[in-house]
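# Survey of secondary and tertiary structure
Residue strings, one per chain:
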Amino acid sequence: MSDSSSEPTPVVPVLDVWCELQCPDCRTALDDVRALRARYGDRLELRLRHFPLEKHRHAFAAAQAVEEAVEQGKGWAYAEAVLGRVAELDRAGEPFLIEVARELGLDAEEFDTALIDGRHILIVDADQAEGKAIGVTGTPTYVIGGERLDGGKSQAGLRARIEEIADRLLAGGA
């Protein structure tokens, strides 16, 4: 007989990270994202949300490529690898996205096919539409506990504010 009714399952707070893989500010924010993941582990769900900006011509393809990496089980690893090399993405575009997939041991041919057939476009479009609806105007932008934090202007103090909100949510406060 299981004792499943004794304690409710704790609710894991969600941090949405509105990001664009060709954005230098998102590359800078990567250290904060890694630190948050190290501090909270499974107690905080980090969700990468797409907000490709028109000024970056490879951003939309990069967002689709991340979704293919998610399908293949390495979404964050792929996003981090691309963000760490923004200048290469600027220079090389889609061939670079496929190269990163290959470097991570992902199915590069499937990446190529996904970028051609556009199978992940609806996910990227939905993220972007949702971002616009909640007031995201640039990247990185964070949303946690109903609060939007804009990292596009400055990252200063944002990690501390996210930790403050996450700690409050984990303690059961609203």
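We now turn to the structure provided with this report. Please read all numbers here as calculations on a predicted model, not as lab measurements.

This brings us to the side chain of Asp-16. For Asp-16, the location among the structural elements is in strand E1 (residues 14–19). In this structure Asp-16 comes out as buried when scored by relative accessible area, which is 7%. Among the polar contacts made by the side chain of Asp-16, one reaches the side chain of Arg-49 at a distance of 3.3 Å. When residues no more than four places from it in sequence are discounted, the contact partners of Asp-16 are Arg-47, Arg-49, Thr-141, Tyr-142 and Val-143.

We now examine the pattern of salt bridges. Tallied over the entire structure, the rule returns 19 salt bridges. A salt bridge links Glu-80 to Arg-37; its shortest N-O distance comes to 2.1 Å. Of this pair, Glu-80 sits in helix H3 (residues 75–83) while Arg-37 sits in helix H1 (residues 24–40), and the two are 43 residues apart along the sequence. Given the relative accessible area of 14%, Glu-80 is considered buried. What makes Arg-37 partly exposed here is its relative accessible area of 29%. Of the charged contacts, one joins Glu-164 and Arg-161 as a salt bridge, the two residues approaching to 2.3 Å between their closest N and O atoms. With a gap of 3 residues between them, Glu-164 and Arg-161 both fall in helix H8 (residues 158–170), about one helical turn apart.

If you look at the biggest cluster of nonpolar residues, it comprises 41 residues, and the most contacted ones within it are Leu-15, Leu-21, Tyr-78, Val-82, Leu-97, Phe-111 and Tyr-142. Looking at this core element by element, the count peaks at 6 residues for H1. For Val-82, the contacting residues outside a window of four places in its chain are Leu-21, Leu-89, Phe-96, Leu-97 and Val-100. Ranked by size, the runner-up nonpolar core spans 5 residues in total, among them Phe-51, Leu-53, Val-136 and Val-143.

Parameters at a glance
- Counting from 1, residues in each chain are numbered in the order their sequence is written.
- The predicted nature of this model means local features are confined to residues of pLDDT at least 70 and side-chain atom pairs, given and counted, to a pLDDT of 80 or more, with totals for whole chains, interfaces and linings taken over all residues.
- The basis for every side-chain value is the complete set of heavy atoms in the structure, and neither hydrogens nor water enter the calculation.
- Runs of H or I in DSSP of at least four residues are treated as helices and runs of E of at least two as strands, each being numbered from the N terminus.
- Type-normalised accessible area, obtained with a 1.4 Å probe on protein chains alone, sets the label of each residue: buried when under 20%, exposed when over 50%, and partly exposed for intermediate values.
- Contacts described as polar in this section are N or O atom pairs within 3.5 Å, which, within protein, must combine one atom able to donate a hydrogen with one able to accept it, while residues neighboring in sequence count only if both atoms come from side chains.
- Contacts are residue-level and defined by heavy atoms, with any inter-residue pair within 4.5 Å sufficient.
- A pairing counts as a salt bridge when a side-chain nitrogen of Lys or Arg comes within 4 Å of a carboxyl oxygen of Asp or Glu.
- We call a set of buried Ala, Val, Leu, Ile, Met, Phe, Trp, Tyr and Cys residues a nonpolar core when their side-chain atoms join them within 4.5 Å.

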